[in-house]
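Examining the three-dimensional arrangement
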Amino acid sequence: MGLAEEFTAHRAHLVAVAYRLTGSVADAEDAVQETWLRLAGLDEKKRAGIRDLKGWLTTVVGRLCLDRLRSAAVRRERYVGQWLPEPIVTPLSGRDPEDPLDVAVRDEGVRMAAMVVLDKLTPEQRVAFVLHDAFSVPFDEIGGILGVSQDAARQHASRGRRALKDAEPPPRASLAEQQQVLDRFLNALFTGNVREVAEILHPDVTFIGDSDGKARTAKQVIVGADKLVRFFRGLVEMYSLEAFRGGRPVLVNGDLGVYLPPAEVPGKRPLDAHLQTMVIRDGRIVTIYDVANPDKLTRVPAAEPGTPPLT
């Protein structure tokens, strides 16, 4: 097997690692490509000295992602409103077994709710926690990535674990349950059944919008079913229901979601593109993520033939 073929065999793993570490598809793909360039740039003697290629590649991509995490922390200080991970959007009909991103979203740890939780950690905690707990990288190697001792790396992972203990999202609901809840929610919304909308929402439901000031969504987190019902009623009045009917179902980080393309209705405000997905607990929506930043929607796949619009 040639070097390129060996690397390709590990690409899906590396993409999963890099995305879990950075929350950015672009950064993940850049880190994986840079990892390949570093491997290809080694002379034959150094390449022959690599006993565990997968481990070596994981260490390199982890170090590259740590650099991106640190620079991202500075960029986010200037970010307008809330920040959400860049979503991985795949067709509803099925996943491509050859696409590393499609492989990555099969892991429950890559769903949007889990990625949001990881953002509570420092870059060092995130790298130590993810590499050790999700990918079984030894602490001595993690210490080398972080530039600290093995014990310090273990402490970073432990602190990250403690920070996430109370923030762990509920388990991923089945796609069948997600579909049922989404259908009920959309039917209630489109028919103007406010009481039904409220019943589908958890009393402490949260709505998190991400636009960086480049599109219209909620700048602050909305908490509570009553507030969110009023928010949805305001959206309908502002854009009209017709603007939302062009939406189509997609998979967002492996969960059911809805993509709303830009739309204009005469006499109403133009609707920006939105990508929404939700978290379900006990048959009710507990969180809605609304990605409206156009920079994070450049990879939404085109509509599949025969995909029905929202009704």
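Residues numbered from 1 in each chain as written. Predicted model: local features only at pLDDT ≥ 70, side-chain atom pairs only at ≥ 80, totals over all residues. Heavy atoms only, no water.

Turning our eyes to something else, we now look at the overall build of the protein chain. Within the protein chain one finds 12 helices and seven strands. The C-alpha radius of gyration computed for the protein chain amounts to 21 Å, which stays within 12% of the reference 19 Å derived for 311 residues, consistent with globular compactness. If you line up the protein chain on its principal axes, its C-alpha atoms span 70 × 40 × 35 Å. The burial tally for the protein chain puts 50% of its 311 residues in the buried class. Sequence separation of 24 or more characterises 67% of the internal contacts of the protein chain that already satisfy a separation of 6 or more. (Helix = DSSP H or I, 4+ residues; strand = E, 2+ residues; numbered from the N terminus. Rg over C-alpha atoms; globule rule 2.2 N^0.38 Å. Buried < 20%, exposed > 50% of the residue type's maximum accessible area, 1.4 Å probe, protein only. Contact = heavy atoms within 4.5 Å.)

A few words on the confidence of the model for the protein chain. Summary statistics for the protein chain give a mean pLDDT of 92 and a share of 96% for residues scoring 70 or more. The spread of mean pLDDT over the elements of the protein chain runs between helix H5 (residues 100-104), the lowest at 81, and strand E3 (residues 222-223), the highest at 98. (pLDDT = per-residue confidence, 0-100.)

Core analysis: the largest hydrophobic core is formed by 47 residues, its most contacted members being Leu39, Val61, Val127, Leu131 and Ile142. The set of elements that each furnish at least two residues to this core consists of helix H1 (3-22), helix H2 (25-40), helix H4 (53-76), H5, helix H6 (112-118), helix H7 (123-134), helix H8 (139-146) and helix H9 (150-165). Residues within four places of Ile142 in sequence aside, it is in contact with Ala128, Leu131, His132, Val137 and Ala153. Within the second largest apolar cluster, 33 residues are counted, among which are Val181, Phe207, Ala225 and Leu228. (Core = buried A, V, L, I, M, F, W, Y, C linked by side-chain atoms within 4.5 Å.)

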